[in-house]
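Here's the letter readout for the chains.
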Amino acid sequence: MFNSRDRVWVLCLWAIVANLGLVTGPILSTFIVADLNWYGFAHSNSDTSTYKSIFILLTLRESRPSLLLAREVAQLRKVTGIETLQGLNPDRTPDLKTFVRTALFRPVRLFFTELIVFFVSVISAIAVALVYLFTEALPPVYEDFGFSTRQACLPFIAIGVGLSFGFFTRYIDLHIIDKHRQKGQPLLPEHKLTGFWIGAFILTVGLWSFAWTVPPYRTDLHWMVSVFCLVLVGYSLNEIEYVLGGYLTDSYLSYAASGLAALAIVRALLSAILPLVAPPMFSNLGNNMAISVLAIIATMFCAIPPLFSRFGKQIRAKSKFAKYSLRMYNEHSVDEDGY
């Protein structure tokens, strides 16, 4: 649907809006539960979901190219009376066996057989699931600063502020795209990993800094110091999710939906597990050591960008999914000037 340049903004906006929901949810739920109890929270949530779904269903226009083509051909058959007219539509509705093989088993197959899909899914899922972990971990941390229950959820705003800084990094991506275009050089998925390099480093810095600027280790620092660290964490988490999602899309193209489905499965599992792990983890290790464990994991992430940049092309060259996707993309590309 979008060429390499347009995908920069489309995926960036998608990642920011999705993650904004994650950071505003704990704030809204805390205030709603405090005023209306859990019944009121569930009722307001169901009402909001219902009205939103109705609005989308009534206003969203069909944009699937294959379906639009089928409608145009049907109209043409009606006007011309030529019943043999058929559209070239490779996107036909599959039978049940084909659906199960492609929609259910292919994402699992890609996850376990494709190195890029495996590492992208795990790292991106951990980055997103950290926000879910923070829903259980952050309020007790800031209650140790003397915050009330309602006030203790407000530091999520800092993570939300950090998300918006991702727009600045996108100008680096655009500069790289324009530079390759001007030189007539092919733009590889590895050329757009700059945000991953930055995000992995900033996440490491943010988590290590946050780990040792909160109680009980530090009680003499103002709470704003740790909140600034959360801004760095918010920026880096969004950056990692955006860049890796784009890298997976650029690498697999025709199979991007299956790759992203694998990512979504892992993200859903970790997002469900980490909030359950957070309370015992923080109570047994303490705030400082528990966050340090997360910082160690983030430090390990810093080794992945160099590996992708150095060996990503060779990995894709050995993948039949990536090679087929690239061939189809070159034949049916919507990019200008081959990008």
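In this numbering scheme, every chain counts its residues from 1 along its sequence in written order. Residue-level local features of this predicted model are given only where pLDDT is at least 70; pairs of side-chain atoms are given and counted only at 80 or more, and the full residue set underlies all totals for whole chains, interfaces and linings. Side-chain calculation: all heavy atoms of the structure are included, whereas hydrogens and water are not.

Q: Outline the overall build of the protein, supporting the account with residue identities and numerical values.
A: Helix and strand definitions here come from DSSP, where helices need a minimum of 4 consecutive H or I residues and strands a minimum of 2 consecutive E residues; each element is numbered from the N-terminal end. What the protein contains, in helices and strands, is 11 helices and zero strands. Taken from the N to the C terminus, the helices and strands of the protein come in the order α-α-α-α-α-α-α-α-α-α-α. Oriented by its inertia axes, the alpha-carbon framework of the protein measures out at about 80 × 50 × 35 Å. Exposed residues in this analysis have more than 50% of their type's maximum accessible area, buried residues have under 20%, and partly exposed residues fall in between, with area computed by a 1.4 Å probe over protein chains only. Counting only residues that meet the buried cut, the protein has 42% of its 339 residues in that class. When contacts within the protein are restricted to residue pairs at least 6 apart in sequence, those whose partners lie at least 24 apart make up 82%. In this count, Lys and Arg are taken as positive residues and Asp and Glu as negative ones, while His and the chain termini are left out. Each charge is placed at NZ for Lys, CZ for Arg, CG for Asp and CD for Glu. Measuring between centres, the 28 positive side-chain charges of the protein sit 9 Å from its 23 negative side-chain charges. By definition in these notes, contact holds between two residues if any of their heavy atoms fall within 4.5 Å.

Q: Lay out the nonpolar core with the relevant residues and their values.
A: Judged by nonpolar contacts, the single largest core of 76 residues is most densely connected at Phe134, Tyr142, Phe196, Leu207 and Phe210. When residues of this core are assigned to their parent elements, the largest contribution, 16 residues, is made by helix α4 (residues 115-143). With sequence-adjacent residues up to four places away left out, Tyr142 is seen in contact with Phe147, Ala152, Pro155, Phe210, Trp223, Ser226, Val227 and Leu230. We call a set of buried Ala, Val, Leu, Ile, Met, Phe, Trp, Tyr and Cys residues a nonpolar core when their side-chain atoms join them within 4.5 Å.

Q: Describe the UniProt feature "transmembrane region" (unreviewed entry) in the protein, and please don't skip the residues or the numbers.
A: UniProt positions are given in the numbering used here, feature names are shortened, and annotations may be inferred rather than shown by experiment. Annotation from UniProt places "transmembrane region" (unreviewed entry) at residues 12-34, 111-134, 154-172, 193-215, 221-240, 252-277 and 289-308. For residues 111-134, the end-to-end C-alpha separation is 27 Å, with 96% helix and 0% strand making up the annotated structure. Note that residues 252-277 is 88% helix and 0% strand, and that its end C-alpha atoms are spaced 33 Å apart.

Q: With reference to specific residues and values, describe the packing of α4 against helix α8 (residues 223-252).
A: The angle between two axes is taken between their N-to-C directions and runs from 0 to 180 degrees, where each axis is a line fitted to C-alpha atoms and a helix contributes only its stretch in contact. α8 packs onto α4 with a crossing angle of 160° between their chain directions and a minimal axis gap of 9 Å. In terms of orientation, α4 and α8 fall into the roughly antiparallel class. You can see that α4 and α8 cross each other, and the crossing is left-handed. Of the residues belonging to the contact of α4 with α8, the class tally is 21 nonpolar, three polar and one charged. What sets the label is the angle itself: under 35 degrees gives roughly parallel, over 145 gives roughly antiparallel, 65 to 115 gives roughly perpendicular, and the rest give oblique. Definitions for this section: a left-handed crossing has its near helix turned counterclockwise from the far helix by less than a right angle. A right-handed crossing has that turn clockwise. Under the scheme applied here, ten amino acids are nonpolar (Ala, Val, Leu, Ile, Met, Phe, Trp, Tyr, Cys and Pro), four are charged (Asp, Glu, Lys and Arg), and all others, including Gly, are polar.

Q: Could you give an account of unusual backbone geometry, with specific residues and numbers?
A: Look at the link from Pro215 to Pro216: it is a cis peptide, with omega at 5°. Positionally, Pro216 belongs in the loop between α7 (194-211) and α8. A positive phi angle, close to 45°, is found at Leu253, a residue other than glycine. Inspection of the secondary structure puts Leu253 in the loop between α8 and α9 (256-301).

Q: Describe a nonpolar patch on the surface, naming the residues involved and giving the relevant values.
A: A cluster of nonpolar residues, Phe31, Leu154, Ile157, Val161, Phe165 and Phe168, forms a patch on the protein surface that exposes about 530 Å² of accessible area. One can find Phe165 in the loop between α5 (156-164) and α6 (166-183). Within this analysis, patches are made of residues with over 30% relative accessible area and no salt bridge. Like charges are joined at 9 Å or less; nonpolar side chains (Val, Leu, Ile, Met, Phe, Trp, Tyr) at 5 Å or less. Surface accessibility in these figures is a Shrake-Rupley result with a 1.4 Å probe; residues are shielded only by whichever protein chains are displayed. Salt bridges, as used here, are contacts in which a Lys or Arg side-chain nitrogen is within 4 Å of a carboxyl oxygen on Asp or Glu.

Q: For the packing of aromatic side chains, give the residues involved together with the corresponding values.
A: Any pair of Phe, Tyr and Trp rings, taking the six-membered ring for Trp, is counted once the centres come within 6.5 Å. Such a pair is stacked with planes under 30 degrees apart, edge-to-face with planes over 60 apart, and tilted for the rest. Evaluated as defined, the whole model comprises 14 aromatic pairs. Centroid distance Phe118 to Phe119: 5.5 Å. Interplanar angle 85°. Geometry classified as edge-to-face. We classify Phe119 as partly exposed; its relative accessible area is 32%. Judged by centre distance (5.0 Å) and plane angle (85°), the ring pair of Tyr255 and Phe321 falls under edge-to-face. Of this pair, Tyr255 sits in the loop between α8 and α9 while Phe321 sits in helix α11 (residues 320-331), placing them 66 residues apart in sequence. Connected via pairs of aromatic rings, a cluster forms that spans Tyr142, Phe145, Phe147, Phe210 and Trp223. The side chain of Lys320 reaches across the aromatic face of Phe321, ending 5.6 Å from its centre. We call a charge positioned above a ring when the Lys NZ or Arg CZ atom is no farther than 6 Å from the ring centre and deviates by at most 35 degrees from the ring normal.

Q: Tell me about the packing of α7 against helix α10 (residues 304-317), residues and numbers included.
A: Axis separation between α7 and α10 bottoms out at 9 Å; the angle between their running directions is 160°. Here α10 runs roughly antiparallel to α7, going by the angle between their axes. Remark: the crossing between α7 and α10 carries left-handed chirality. The segment α7 lies against α10, with Phe196, Trp197 and Ala200 engaging Ile304, Pro305, Pro306, Phe308 and Ser309.

Q: Would you mind going over the state of the cysteines in detail, with residue names and values included?
A: Two cysteines form a disulfide when their sulfur atoms are joined by a covalent bond. We call a pair of cysteine sulfur atoms a disulfide whenever their separation is within 2.5 Å. One pass over the full model with this rule turns up zero disulfides. Cys229 supplies the cysteine sulfur nearest to Cys153, a cysteine that is in no disulfide, at a spacing of 19 Å. Taking the relative accessible area as the measure of exposure, Cys153 reaches 1% and is therefore buried. No disulfide involves Cys302; its nearest neighbouring cysteine sulfur is the one of Cys229, lying 16 Å away.

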